[in-house]
Amino acid sequence: MRKKIEITPNLETLFGNRDENLHILEDGLRVSIDLLSDSVGIEGSAENVIRAEQVFSDFEYLRRGGYTFHNGDLGSMLRVVMADRTATLRGLAEAGKQRSQGAKRVVQPKSVNQRRYLEMIESHAMVFGIGPAGTGKTYLAVAMAISALLNKQVSRIILARPAVEAGERLGFLPGTLQEKVDPYLRPLYDALYDLMEQDKVDRHLEKNTIEIAPIAFMRGRTLNDAFIILDEAQNTTPEQMKMFVTRLGNNSRAVITGDITQIDLPNSKRSGLLDAMDVLKSVEGIAFTIFDDTDVVRHQLVQRIVRAYDDHKLRTNRQLALHLEDKPPVPTVKTKVIEPELPTQIEQ
């Protein structure tokens, strides 16, 4: 099937740098797209040509409505549309705009797993986001928390993190307790300032509308009407995790994020995140999103680094298994138990 689409003003924005977005469409839909003098020609199977035409139609609708794409969002959204037949460019853009009302920037999912993650946060009281660094677990959770606060769905945001990681001790740091723990909580501040104007963040922090604290500060509290995020959850103990997930009060929701490949607890302690994955996996109202290296949205090099570490771990495990198979079996030593002879007569 072949279809021609009229070229409209600013349609070149859809093409992307060096037509990279058209290549995404061609590879994802297995269609051929030709740029003609007055139109765009699309050729392929009927179903895929219709899907490609829908992308052009959605782009024109959004353009007429004044929607602006930023920082490669269009390419990321097209990849989601290619990977998920239920997704549309218009649907993703409108959902992102609704979630980001009042925020400094529109947050768009850059992978299918990110899209599911956002939808789970909207529909579940508690969501676990588990995966490697750079997959947007914490950033998207903070974005959803800000959206809920600005849209008056909750009255406060509470962000928590384990304060001791990788063997560091707070006692060796100078300053007050707050000054000691702030460096460990800095990534949460960074996400807030990236998503909301700095003066607004500072005002919310002063009023305690936004609270950032070590997980130990959660003990004994019931958190009502709040959006609660626990970051770096792999570094909690099972006791800390149980304490945190039982803080949830009325009209509250929680997001727990972590990377089970970067556990910094002492070897003798089991991660509270691993424990929760086993204990809570079948509890109604709790959802799990598992990210992988394909969801990494930082520099492309980060994705390759994560994959290299995973491959190295797999090779190491295989070599260890082969080494154990090649070792000769340990000979079993048979021992003979010699029982003492009992006297046949008892002397009188």
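Before reading on, note that the structure itself is shown above.
Residues numbered from 1 in each chain as written. Predicted model: local features only at pLDDT ≥ 70, side-chain atom pairs only at ≥ 80, totals over all residues. Heavy atoms only, no water.

Draft legend 1. Spotlight on the overall build of the protein. Counting its regular elements, the protein contains 12 helices and nine strands. Here the protein holds 348 residues, and 43% of them are scored as buried. A total accessible area of about 20,400 Å² is found for the protein, and carbon and sulfur atoms account for 50% of it. (Helix = DSSP H or I, 4+ residues; strand = E, 2+ residues; numbered from the N terminus. Buried < 20%, exposed > 50% of the residue type's maximum accessible area, 1.4 Å probe, protein only. Areas by Shrake-Rupley, 256 points an atom, 1.4 Å probe, with all protein chains shown as cover.)

Draft legend 2. Representation of a nonpolar patch on the surface within the structure. Among the surface-exposed residues, Leu-301, Ile-305 and Tyr-309 lie close enough to one another that they form a single nonpolar patch of about 320 Å² accessible area. Residue placement: Ile-305 occurs in helix 12 (residues 300–326). Ile-305 sits in the partly exposed class, given a relative accessible area of 40%. (Patch = residues over 30% accessible without salt bridge, like charges linked within 9 Å, V, L, I, M, F, W, Y side chains within 5 Å. Salt bridge = Lys/Arg side-chain N within 4 Å of Asp/Glu carboxyl O.)

Draft legend 3. Expanded view of the pairing of strand 5 (residues 156–161). The element strand 5 is largely enclosed, with a buried count of five among its six residues. In terms of strand pairing, strand 5 meets strand 7 (residues 226–230) through five bridges, oriented parallel. Bridging across to strand 7, Ala-160 finds its partner in Leu-230. Bridge analysis of strand 5 against strand 6 (residues 210–214) gives five bridges, and the strand direction is parallel. Bridge pairing links Ile-157 to Ile-210 in strand 6. (Pairing = 2+ DSSP bridges.)

Draft legend 4. A look at the nonpolar core. In this structure, Tyr-117, Leu-192, Ile-212, Phe-227 and Ile-229 are the most contacted members of the largest nonpolar core, which totals 32 residues. Counting residues per element, the ones that place at least two in this core are helix 6 (112–123), helix 7 (137–150), strand 5, helix 8 (177–195), strand 6 and strand 7. When residues in this core are grouped by element, the largest group, nine residues, is from helix 7. Setting aside anything within four residues of it in sequence, one finds Leu-192 in contact with Val-142, Ile-146, Leu-159, Val-201, Ile-210 and Ile-212. (Core = buried A, V, L, I, M, F, W, Y, C linked by side-chain atoms within 4.5 Å. Contact = heavy atoms within 4.5 Å.)

Draft legend 5. Local environment of the packing of aromatic side chains. If you walk through the whole model with that rule in mind, you get four aromatic pairs. Between the aromatic rings of Tyr-117 and Phe-291, the centroid separation amounts to 5.2 Å while the plane-to-plane angle is 85°, which identifies the pairing as edge-to-face. Separated by 174 residues along the polypeptide, Tyr-117 in helix 6 and Phe-291 in the loop between strand 9 (286–290) and helix 12 bring together distant segments of the chain. A relative accessible area of 0% means that Tyr-117 is categorised as buried. The exposure class assigned to Phe-291 is buried, which follows from its relative accessible area of 4%. Ring geometry for Phe-128 against Phe-288: centres 4.7 Å apart, planes inclined by 10°, an arrangement best described as stacked. In this pair, Phe-128 is assigned in strand 4 (residues 126–130) and Phe-288 in strand 9, connecting sequence segments 160 residues apart. Here a set of aromatic residues connected by ring pairs shows up, and it is made of Phe-59, Tyr-67 and Phe-69. Across from the ring centre of Tyr-61, 3.7 Å away, lies the NZ or CZ of Arg-90, which sits over that ring. (Phe/Tyr/Trp six-rings, centres within 6.5 Å; stacked < 30°, edge-to-face > 60°. Lys NZ or Arg CZ within 6 Å of the ring centre and 35° of its normal.)

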